[in-house]
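# Structural description and commentary
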Amino acid sequence: MMPDTKSLKSEQNDCVMPVRSANPIRARSLIRDNLEKQAGCLNLIHSRMPNIKVFSGTSHPDLAQRIVDRLGIDLGKVVTKKFSNLETCVEIGESVRGEDVYIVQSGSGEINDNLMELLIMINACKIASASRVTAVIPCFPYARQDKKDKLPGGEEKDEKAKLAKKNYDWKFRSRAPISAKLVANMLSVAGADHIITMDLHASQIQGFFDIPVDNLYAEPAVLKWIKENIPEWKNSIIVSPDAGGAKRVTSIADRLNVEFALIHKERKKANEVASMVLVGDVKDKIAILVDDMADTCGTIVHAADRLVEAGATKVYAILTHGIFSGPAISRINNACFEAVVVTNTIPQDGHMRDCPKIQCIDVSMMFAEAVRRTHNGESVSYLFSNVPY
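Residues numbered from 1 in each chain as written. Predicted model: local features only at pLDDT ≥ 70, side-chain atom pairs only at ≥ 80, totals over all residues. Heavy atoms only, no water.

This next bit is on the nonpolar core. Counting 43 residues, the largest nonpolar core has Trp225, Ile226, Ile230, Ile238, Leu256, Ile288 and Phe367 as the members making the most contacts within it. A per-element tally of this core places helix 12 (residues 364-375) first, with six residues. Leave out the neighbours within four places in its chain, and isoleucine 230 touches Trp225, Ile286, Ile288 and Tyr316. The next biggest cluster of nonpolar side chains, apart from the first, holds 31 residues, and it includes Leu118, Leu119, Leu187 and Ile195. (Core = buried A, V, L, I, M, F, W, Y, C linked by side-chain atoms within 4.5 Å. Buried < 20%, exposed > 50% of the residue type's maximum accessible area, 1.4 Å probe, protein only. Helix = DSSP H or I, 4+ residues; strand = E, 2+ residues; numbered from the N terminus. Contact = heavy atoms within 4.5 Å.)

One key point about sheets: their strands pair by backbone hydrogen bonds, in either a parallel or an antiparallel sense. Pairing within the open sheet is parallel, and its five strands lie in the order 1-4-5-6-7. The sheet is open, and its two borders are formed by strand 1 (52-56) and strand 7 (213-216), each paired with just one other strand. On average, each strand axis in the sheet is tilted by 15 degrees relative to the strand beside it, whichever way the strands run. One ladder, built from five bridges, connects strand 1 with strand 4 (residues 100-104); its direction is parallel. What sits directly across from valine 54, in strand 4, is tyrosine 102. (Pairing = 2+ DSSP bridges. Axes fitted to C-alpha atoms, helices over the stretch in contact; angles between N-to-C directions.)

Quick look at the confidence of the model for the chain now. Taken residue by residue, the chain gives an average pLDDT of 84. The fraction at 70 or more is 78%. A low-confidence stretch, residues 41-49 stays under pLDDT 50, and its non-local contacts, those more than four residues away or across chains, total nine contacts. Counted against residues more than four places away or in other chains, residues 168-172, with its pLDDT under 50, gives four contacts. (pLDDT = per-residue confidence, 0-100.)

One way to put it is that helix 3 (residues 61-71) packs onto helix 12 with a least axis distance of 8 Å and a crossing angle of 55 degrees. Our classification of the angle between helix 3 and helix 12 gives oblique. Remark: the crossing between helix 3 and helix 12 carries right-handed chirality. Residues Leu63, Arg66, Ile67, Arg70 and Leu71 of helix 3 touch helix 12, and the partners they reach there are Ser364, Met365, Phe367, Ala368, Val371 and Arg372. (Parallel < 35°, antiparallel > 145°, perpendicular 65-115°, else oblique. Left-handed = near helix turned anticlockwise from the far one by under 90°.)

The next thing to look at is the pairing of strand 5 (residues 132-137). Counting buried positions along strand 5 yields five of six residues, so the element is predominantly enclosed. In the sheet, strand 4 pairs with strand 5 via five bridges, with the strands oriented parallel. Looking at strand 5, one finds that valine 104 is bridged to valine 136. Taken together, strand 4, helix 4 (residues 111-127) and strand 5 constitute a β-α-β crossover, and its handedness is right-handed. Here four bridges tie strand 5 to strand 6 (residues 194-198), and the two strands are oriented parallel to one another. Note on strand 6: the bridge partner recorded for isoleucine 137 is threonine 197. (Right-handed = clockwise from strand over helix to strand, strands pointing away.)

Taking 1.5 Å per residue as the helical rise, helix 12 with its 12 residues ought to reach 16 Å, and the 16 Å between its terminal C-alpha atoms agrees with that figure. The element helix 12 is extensively covered by neighbouring structure, given that 10 of its 12 residues are classed as buried. Residues of helix 12 that are buried: Ser364, Met365, Met366, Phe367, Ala368, Glu369, Ala370, Val371, Arg373 and Thr374. Trailing helix 12 by a residue or two, glycine 377 shows a phi angle of about 75 degrees, which is positive. (Expected span 1.5 Å × (residues − 1).)

Listed below in structure tokens is the structure:
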């Protein structure tokens with residue numbers, strides 16, 4: 001039963017240092033009584049602080065289990081099912097009233113179903129009087145649809161029209177959606193108070209939200225893996241497979257004190273690369289391709305071939321989000337990679353069975369530490385440059 005507001009205020013008002021007394025014994029007695037009252041006030045306030053509950057969606061239960069194991073708590077009870085018409089139903093199996101709730105759901109697998117499940121779970125916790133609901137989204141869905149950069153219409157049949165379209169791209173106004181902004185709006189409307197994610201495709205997506213967003217980086221874990229698993233890493237060169245990743249590779253190269261290179265690519269259409277130009281010298285060096293995600297893997301496979309042609313002795317690929325859709329696995333198996341390293345923001349067990357070149361970095365400790373620090377009101381900036389042990 002919650003204490004009466006007036007009585008709580010009166011108790012808090014009583015928690016002040018007593019006036020000085022001429023009698024030292026009396027003064028000590030007053031101080032002792034006052035300290036006991038202060039302790040009572042603090043205990044009352046602490047007892048009203050929300051506890052923590054972590055729930056898992058169906059997209060990545062293994063990561064959620066690793067997070068709660070690290071935190072030393074049990075995973076919250078939740079039942080998700082589908083009706084005969086494929087509508088998603090979520091039942092939270094325990095009280096969340098006044099609790100600090102964290103829901104772990106990654107943008108992988110059946111993305112639309114998993115996104116809808118996340119929205120329903122957030123709303124279910126919010127209307128069940130949860131104090132705060134944080135969505136832990138290791139791989140943010142629709143992150144690549146973050147700007148209007150496509151030209152209207154389909155493929156041009158006429159050569160003259162193709163030439164005009166190529167020469168006057170700047171005149172076209174795209175009708176492509178900004179789906180990442182739509183997802184941000186949906187999460188906010190569902191009731192999310194805070195978002196924790198990793199390696200957003202574009203950091204500006206944080207600005208799509210009116211709620212706090214913590215964008216963690218896989219870079220500390222990547223640096224640790226490189227130093228522990230590539231003996232000749234001091235003779236390596238960090239390579240970005242596209243211009244958009246230049247900032248990422250320069251940061252890693254600076255921290256390793258090695259050089260970096262860049263591959264400029266031009267696309268014919270989505271998921272199809274037309275040409276690649278290497279900027280930098282990779283001859284007689286170990287090339288380490290670094291990117292935020294790999295989908296069909298056409299880009300990194302072409303990049304690896306281009307690096308070998310330029311004289312690289314070995315080629316590694318390190319990716320945060322290993323989506324590996326379509327022909328990705330067969331392409332990696334036939335490519336010249338020593339290893340393709342991904343994090344477990346997306347489930348990788350099946351991919352690792354099908355492709356022995358794929359290795360996985362566990363980042364559950366980073367999410368667990370982010371959850372712990374958020375719950376305790378601590379800064380998470382430590383995680384931007386360190387791996388918690």
